[in-house]
Each structure stands twice: as C-alpha cells, then as structure tokens.
Amino acid sequence: MGHWYAFFFYSLTSYASVLHNHQISLASIFFMPLRSVNLPGVGTKYEFTTDKGDTVAIFFTKSGTIQMYTLQQGCRTPSAAEMTPMEARRLGNILTGAIIEAESESVEIAFSALADLRITIHTYLIQKAIAGKTIEDLQIRTKTGVTVIAVSRKDRNIINPPPSFVFETGDAVVVIGETDQLKRFEREVMVD
Amino acid sequence: MESIVLALFVCLVLAIITKYLSIPPIPFYIIGGVLLGKSGFGLVTSDEIGHFFSQMGLIFLLFFMGLELKLERIAANRSAVLTSGIIDLNVNMLIGFVAAYLFGFSLIESAVIASAFYISSTAMAITSLVENRKLMMREAETVIWLMVFEDLVLIIFLAIISAGDQDPLLFLLKIAGVLAILYAIAHYGKEFLIGLLDRSDELPLLFTFAAVLTTASFSMYIGVPETMMVIALGAALATTDPDAFEQHARPFKDVFLVVFFVFFGITINLGGGIDMVMILTISLLAIVSKFISGILTGIFIHESALAGIEIWGNTIGRGEFSIALAALYGSPLVATVIAAMVIVTSIVGAFTAKYCTGLRKWMAMPGRRPPHHAHTGR
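The residue count restarts for each chain, going from 1 along the sequence in the order it is written. Key to labels: chains lettered from A, ligands numbered from 1, both in the order written. Per-residue local features of the predicted model are confined to residues with pLDDT of at least 70, and side-chain atom pairs are confined, for both listing and counting, to 80 or more; whole-chain, interface and lining totals are unaffected and use all residues. Note that the side-chain values use all heavy atoms of the structure and ignore hydrogens as well as water.

A look at the confidence of the model for chain B
As a general rule, the predicted coordinates of low-pLDDT regions are not to be interpreted in detail.
Then, in step 1: Residue-level confidence of the predictor is summarised by pLDDT, bounded by 0 at the bottom and 100 at the top. This prediction gives chain B a mean pLDDT of 86; 95% of its residues lie at or above 70.
Then, in step 2: Note on contacts: a residue pair qualifies if any of its non-hydrogen atoms lie within 4.5 Å across the two residues. For the stretch residues 368-378 of chain B, pLDDT sits under 50, and the model shows 15 contacts to residues farther than four places along the chain or on other chains.

Thoughts on helix H11 (residues 203-222) of chain B
Residues and elements named next belong to chain B.
Then, in step 1: Runs of H or I in DSSP of at least four residues are treated as helices and runs of E of at least two as strands, each being numbered from the N terminus. One less than the residue count of a helix, multiplied by 1.5 Å, gives the span that helix is expected to have. Under the 1.5 Å per step criterion, the end-to-end length of H11 is 28 Å for 20 residues, consistent within 8% with the ideal 28 Å.
Then, in step 2: For the exposure calls, accessible area comes from a 1.4 Å probe over protein chains only, and a residue counts as buried if that area is under 20% of its type's maximum, exposed if over 50%, partly exposed in between. Those residues of H11 that fall on the buried side of the exposure criterion are Pro204, Thr208, Ala211, Val212, Thr215, Ala216 and Ser219. Buried residues of H11 fall within an arc of 115° about the axis and therefore sit on the same side. Across H11 from its buried face, at more than 90 degrees, point the exposed residues Leu206 and Tyr221.
Then, in step 3: Those residues of H11 that are buried are in contact with helix H3 (48-68), helix H9 (168-188), helix H10 (190-197), helix H12 (226-237) and helix H13 (242-267). Within this analysis, the arc is defined by the directions that extend from the helix axis to the C-beta atoms.

Some thoughts on the sheet that holds strand S6 (residues 106-111) of chain A
Residue and element names in this part refer to chain A.
Then, in step 1: When DSSP finds two or more bridges between a pair of strands, those strands are recorded as paired. Spatial strand order, S6-S7-S10-S8-S9: five strands in an open sheet with antiparallel pairing. Every interior strand has two partners, whereas the edge strands, S6 and strand S9 (156-159), have only one. Within this sheet the neighbouring strands show an average axis-to-axis angle of 15°, counted without direction.
Then, in step 2: In this structure, strand S8 (residues 147-153) lies alongside strand S10 (residues 172-177), joined through five bridges in antiparallel fashion. Directly across from serine 152, in S10, lies its bridge partner alanine 172.
Then, in step 3: Orientation is described by axes fitted as lines to C-alpha atoms, over the contacting stretch for helices, and by angles from 0 to 180 degrees between their N-to-C directions. Relative to strand S7 (residues 117-125), helix H6 (residues 179-188) is tilted by about 25°, and along the sheet it contacts S6, S7 and S10.

Considering the packing of helix H6 (residues 107-118) of chain B against helix H16 (residues 320-329) of chain B
All names here are of chain B.
Then, in step 1: At a minimum axis distance of 8 Å, the contact between H6 and H16 shows a crossing angle of 160°. Between H6 and H16, the crossing angle belongs to the class labelled roughly antiparallel. Classified by chirality, the crossing of H16 by H6 is right-handed. Contacts from Val112, Ser115 and Ala116 in H6 reach Ser322, Leu325 and Tyr329 in H16. Note on angle classes: values under 35 degrees are labelled roughly parallel, values over 145 roughly antiparallel, values of 65 to 115 roughly perpendicular, and the remainder oblique. Two helices crossing with the near one rotated counterclockwise from the far one by less than a right angle form a left-handed crossing, whereas a clockwise rotation gives a right-handed crossing.

Section: the pattern of salt bridges
Proximity of charged atoms lets side chains of opposite charge pair with each other.
Then, in step 1: Salt bridges are counted wherever a side-chain nitrogen of Lys or Arg sits within 4 Å of a carboxyl oxygen of Asp or Glu. Tallying each qualifying case throughout the model produces 15 salt bridges over all chains.
Then, in step 2: Ionic pairing is found between A:Glu186 and A:Lys183, a salt bridge with its closest N-O pair at 3.8 Å. Here the residue A:Glu186 and the residue A:Lys183 both occupy positions in helix H6, the gap between them amounting to three residues, near one helical turn. As far as burial versus exposure is concerned, A:Glu186 and A:Lys183 are alike and both buried.
Then, in step 3: With its nearest N and O atoms 3.0 Å apart, the salt bridge here joins B:Lys290 to B:Asp88. Of this pair, B:Lys290 sits in helix H14 (residues 276-302) while B:Asp88 sits in helix H5 (residues 78-102), and the two are 202 residues apart along the sequence.

Regarding the interface of chain A and chain B
Then, in step 1: On the side of chain B, 23 residues touch chain A, which itself brings 23 residues to the contact.
Then, in step 2: Accessible area that two parts lose when put together, evaluated with a 1.4 Å probe and summed over both, is termed the buried area. For the pair chain A and chain B, the summed buried area comes to about 2200 Å², and 62% of that belongs to carbon and sulfur atoms.
Then, in step 3: Inspection of the region where chain A meets chain B yields four salt bridges.
Then, in step 4: Between B:Arg133 and A:Glu82 there is a salt bridge; the shortest N-O distance is 3.6 Å.

A short note on H13(B)
Then, in step 1: Bending is quantified residue by residue as the angle between axes fitted to the seven-residue window ending at that residue and the seven-residue window starting at it. At B:Ala249, H13(B) shows its strongest bend, of approximately 40°, with the proline B:Pro251 following within four residues.
Then, in step 2: The element H13(B) is extensively covered by neighbouring structure, given that 20 of its 26 residues are classed as buried.

In structure tokens, the structure reads:
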C-alpha cells in the first residue's frame, strides 16, 4: 500500500515540477486533456485520448496494482495489462524516454534498518549536449545532490571520477542519490 | 474455543481454494458454515466468542463502507449516481418486496428481504471489474456509482428500521449529537490523527480498533443503532486520512468478516419445512430483476439496452450487505432465504461477470459469432 502511494505521489510531484520547469512539457500537457476520476472503492483513473483518437486509461487500484488499458480508435474492446508498481515505474521510465536511453537502468536499495533509507543507483548515457564538460563545470553535486560514482567508457571503468573528469558522448555514467535528486539531475544536468 | 479454531481453519482452506480459482469466496464461506453448523455435521455451534467475532466483522464491514463514503464526491456526481440508482432501487425493491409478500412474509420481513434482494455486493462487483479487466468500459463507472448509491440507501434503511419504536425526536437528537461529536473529533483532531496514523508502531492499529469499538458500544449504551454510528465514524474519519484508516482497519475487517460469514452459515437452519420452491423462486427473481434494472439503466444512461447486459452481469451477486441485513433483522426463515439468494446470485454472478461481455457481443450480432473480435481483452 505505502509503496504505490509513494510512487503515486512521486509521479504527481514530478508532474508538477515538469509543469514549473519546462514550457515544452507544459504545452504538450495542454494538448492532451488528461481526465482523472476518483472511483470509490476502486481507486484513481487517468484517461486521455491521443491526437490520433486512441484512448489510454490508467487505473491505480486500491489493491496496489496498476491497470493500463489501450483502446484503438474505432475498436470496441480495449486491451489491458496489469502491472505491479515496480513494473509501472519501469514502463514510465521507458515512456519518458527522451533522456533515458535503452541502456539506462535503475536499482533502488532500501535499508530498512536505517529509518527506511532509500538510495537509487541509476545509469545514464551522456548526450552530445554535455560532452566535453567536467563534473565540476556541471556542478552536479551542488545543483542536484547526486554523486557520479563511476563512468564506463568503451570497456573501461573509471571508479570515483575526480571533479576534473571530462565527459564524452556515449559515456555511461553511474549516479547515486535519492529519487528526487535523480529527477533533478535528469532535468537540470542531462538536458543542458 | 475449539469451534472458532475449526471455523477459522475451514475459512482458510476455502479462502485458498476460491482465490486460486478466482471465484467469489462469500458463498463458500456461508456454505462452509452451513456444513459445520446444525444443518450440516453439527461440528460448530455459535458460542460467545464466535458471536463476538461475527459482531466485529459486521461492524468493521460498515466502518469500511463509511470510509469509502465521501459525500462531496457523490454530490459532484449527482446526475450519474441518481438516474441509475433510482432505477435500480425502484425495480429491485419492488420486485423483491412483492415476491416476498406474496410468499406470505409479513410487511417488515418483506422489507428486509426486499432490501437484501436489492443491494448488490460492492465487493464482488468491484473485484469482478478489476479482475476481468473491465475498468475502462463506460458501464464500469455506472456500476461503481450504483454501488455507492446502494450504500446510501442501506444507511437510510438502517436508520428507518432501527428508529422503529423509539421517540423519533429524541432519537434524531441522539443521532445528531453523536454525529456532531464524531465530526468535531475528526475536524479538530485532524492533525493529531494524521500524525498518529503515520506512526509505524502498534498505535495506528490500536487506535482504529478502539475507535470503532468505542463508537459501537457508546451507541448501544445511549440507544442509537451502532451500525449507523460506525458508518458515520468511518465517514467522519474519512475527512482526515482515509487511506491510512483503510489500511489499518483492513486486517480486522478481513478476518472478522470471514468469521461473520461462516457463523452466519452456522446459524442457518435448513431442516424442517423449508419451502425450496419459494427459496429458488426468490433467488431466480433476484437475477431477473437485476436484468430488468440493468437493461433500463443501459437504455437511460448509455442509450443501449446491450450496455445493460454488462451492468447486469456485474451486479447480480448479492453478498456482504444482504447477509448483514439478514443477520441484523432477519428471522431464521428470512435469514435462510437471504442466504440461499446470496449463494445462488453470487455464484451465477461470478460467471456472468466473466462472460457477459461475450454474451453482449453475441447478442449484438444475432445469428453469427463476431469473427474480427478474436481478442476479448482477457
């Protein structure tokens, strides 16, 4: 229960912050009216119709699972998939795609003994936009709070890169931090 | 003590089997109870502990219902709730009442049977919508709001029937007083309650349990119906952190409610002059009358009688609330009739919920099976 709730809240907050920070996203959200309905006893429903007329509906059910329905225009029977919160999050990561390439993945570790401390380790591919800059230039830790703990460059791994480390296109970086910090990293560093 | 352990063990086995086959467990709990009780092998008799557990089950069921009852949300969806709700209420109450009365039940007994006959199982309807992946259908929303409306009617029914022989003015004053206390606590203690529920120790569970029990016994003490007051408690607490309360009340509800169903089955007396024809007729009528109300709702809300088949298929099952009404107000014979109706409708309902979409398509194209809808979303 608590788990999906956190996820739900997290997706809401990230949605809100997208609204604040990026005008492009703002526009695209206005293009597709998103209807949300609270269904007593069932959970929350989010539904929108794409430009092409297909409909997508997502249900966060009370039992904690997430059901996604897609209905092709002109078709009467939707097809459905039921997901655990973990799977839904993975799908969400795939769908927000722009930043996260197929090679990026994320692991969340929860230390239950340490007041439920949650740390996420995430990998990213360096894009052209920030190639040639150093960790120091980008002010990664001051701006976002995350730490770059390793870089993988052409079969070679650099553990604990120094602040003067220069990124190259195609580097895979391993970043550690809290979920919110990683979100900030994706927004403020990876898109530069 | 042995009897409750035996009953619990049977519940556990039944729960495992029904979950594995994904069929509604409620009818099987009742059948299990009937087999254990005096109509079956006579292994379990309703004792003090069993009675207490059943009582808890009922109270937590109603408390849970109260938590779901967000009045402002209902008000925002008035039109959707009202049309379908009123059709459902009139058709089913009327058919249920007339049928019971013609079979020779008294007015009060007929009213109890009619209410149990009318009220579909929210748990079964919602489970079937989720498990059969039907949430996206337009009819699903109608079904969900129908369940909300039925809950409201149940509350009104509880109020009317329990006001019975009391001085109406004093009765209303008492109810208003308790309501005021509950809402005041929820309003002024909101911060405190939210903080309390957020803790990870035993406090949230303990508080939830104590709050429900205190409300129930206090209501009994001052002579207002405890059933209504625990619903009111749920509705009042839903203004603080309903999800947390649901989470903390769920363990109690889940366990006690199962015991409630089994002990209800145990007290059923099938021996001696039970009119099987009457019981079967009422059970079949319960299916037919939901068909009529479903088709009417389909026509009025979705402008399609076929949509009504979907509504029908998901609302046939009578369950927890019908049993609750039987346990609260039913004579032994009334309880038996309602139990049989719940068993028949919930088993039939499990099948219709699964196959009504197919039935609807088949009816939409008479004479031939639709070839291009090979996938049914299941």
